[in-house]
Structure formats: C-alpha cells, structure tokens
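# Survey of secondary and tertiary structure
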Amino acid sequence: MNKKSKSLASELDEFITPFRHDGAGKFHLKDHKTDEKGGLDKETAQAILDANKKRLVDFQEKLYAQDRWSLLLIFQGMDASGKDSAIKAIFEGINPQGCDVHAFKQPTSTELDHDFLWRCMIALPPRGHIGIFNRSHYEECLVTRVHPEILDKEKLPPRLVTKNIWRERFEDISAVERYLSRNGTVILKFFLNVSKEEQRQRFLDRLEEPSKNWKFSMGDISERALWPRYQAVYQDIVRHTATPFAAWYVVPADHKWFARVVIGSVIVAALDQLDLRFPRVDKESLSEFATVRKALEQEGKGGKKRDK
C-alpha cells in the first residue's frame, strides 16, 4: 500500500470501519444505531461529501481508462431509506459513459423463466465500469421470503422448494460474489438502516409535498406493517452473506447527509486501494505520436489559429 492510500484510508476510516461487517464475529441489527452522526454537523458533512465527489470523478476516469477492474455497488434498504437520493448525491458529476444504474423491481415474465440470479447477472458492470444496483439479487432472499406466495411464481420444481432454500440461496450468492471478486469485480454492499419513525416522517413528507406524491403508494403502508419481519430477514442476510471479499456496510440512514458521507467514503477508499492509473503509452506509439504531431503542425502553418 502506498503512502497516498494510507493517508486516505486514515482520513476516512472513522466513516468506514464502524459500519463494516465482513462475517467476523456476531451480528445483531439492533446494535447498529440508525441516527448516528459521526460527530459531524451538516456543514462539515457536506465538505466531506464534496471532497469525495471530486475523488470519485478522478478515480472513475482512471478506472475506465485502465479497463481492468469493475465496481459493483449494491444498495438495499426499506422504502424511504434514501437509496435513490444517496445515489444521486454521491454520483453527481460522474461520466455516465462509465456508470450504469439498474433498479430491480417486480420480476417480468421473462425474468421468471430464468434462475433467480439471472436478471442481475446480465446487468453486471464490464471492466472499467461502475455498476449500481438499486435493490438487487438480495430481493430474492428478502421480499420473496417475507411474501412466500412470490416464490410460487418462480416456477421452481416443487421438490427443490425445501426448508433449506434460503440457506441455499445465501450459499449461491456468496459463491457468485466470490467468483466475481476473483475476476476483478470489487463488490460493496450497503444496507441503509433507517428507523421506523424516520420512515414514517418521510412518508408524511411524500404525502404533504406535491412534488413527492408520485413516490408514495398504498403498498408502502402494507409493507410497513411487516417491519419486524423485514428487519429479521435483513439481519439474516447480513449474517449469512457478509464476507471479506463482499462485506456489508450497515449505514445509519436517519440523517441522509451522514449516510452519504459513509457511502462515499467507502467507495473512494475502495477505489484508492486499486492503484488506478492511466495506461502508459509504449515507445512505438510515442514515436508515432511525434510523427503525427509534426505533420499536424506543418499542416497548420500559415493557417488561421482557432479561438480557445
């Protein structure tokens, strides 16, 4: 690790390590506060967010040019936990040519004709790209588990739907994530941990502000009634799929500005570890460049200079 990496890791560590779970030790969701501020105020947090955005723009350009690594960001959380707004705020200014966002909602008939991982696997980011999953394959261990009737629509042979199906899906997901990490995909998984009271306030905001009405549906309320079940399942997901190569970050989400500090810090610190750099041009190409430059300069002699 170079000196720069140590400095950046040290600078951002307080916003990363406390929220990281890689499978070592026990995990209880109730032990993680939803209203953590990290000792920051909004002004200081904005300064950190702005600095991280500049770093991210620089890292993404090098990631794209180097064309060796890819970055997969997975966002999970209850309705109104702030996934959409976090993605928008953190990735402001990013070149869309090297960044793809996928939102996985209710499966289509075509998707139901494939295995549960298929629709996410065909959306994986290619080398040099950042892929953002706003909800992901983890929905197939979450919503499907809370609503068993959805599993019936997945057309699995009945004898394969056993009491072990969720453990088997956790194993399948971890195996795929290990495979991806071994092939150059860096996986960062974020669970936006919002409180039930904060969700209530955000739902009220959606009802009171006309510009936010479209975000609200009565289905949000019926899912809210299943809050304890969802929390239990999320805890199970983190416990069984957190690994050193695909850790979970349990992000305090009651204060959106702090959630963005945590998420942005995790992303730029991970990219910093990749030693990203622009590809070096070989000697033969440099010689060709010199020839081309000379020809262009000769062509422009006596011509009108362009305005800059």
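Residues numbered from 1 in each chain as written. Predicted model: local features only at pLDDT ≥ 70, side-chain atom pairs only at ≥ 80, totals over all residues. Heavy atoms only, no water.

## Quick look at the pairing of strand β5 (residues 185-193)
Extensive coverage of β5 is indicated by the burial of 9 of its 9 residues. Side chains T185, I187, K189, F191 and N193 project from β5 onto one buried face, and the interleaved V186, L188, F190 and L192 project onto a second face that is buried too. Note that β5 and strand β6 (residues 248-252) share 5 bridges and pair parallel. Bridge pairing in β6 places N193 opposite P252. (Buried < 20%, exposed > 50% of the residue type's maximum accessible area, 1.4 Å probe, protein only. Helix = DSSP H or I, 4+ residues; strand = E, 2+ residues; numbered from the N terminus. Pairing = 2+ DSSP bridges.)

## Considering the packing of aromatic side chains
Each aromatic ring pair is specified by the distance between its two centres and by the angle formed by the two planes. Using the criterion set out here, one finds 8 aromatic pairs in the structure. Where F190 meets Y249, the ring centres are 5.7 Å apart and the plane angle is 35°; that geometry is what we call tilted. Taken as a pair, F190 in strand β5 and Y249 in strand β6 lie far apart in primary sequence, 59 residues in all. Given the relative accessible area of 0%, F190 is considered buried. Here the aromatic residues F15, F19, W257 and F258 are joined through ring pairs into a cluster of three or more. (Phe/Tyr/Trp six-rings, centres within 6.5 Å; stacked < 30°, edge-to-face > 60°.)

These figures capture arrangement, not role.
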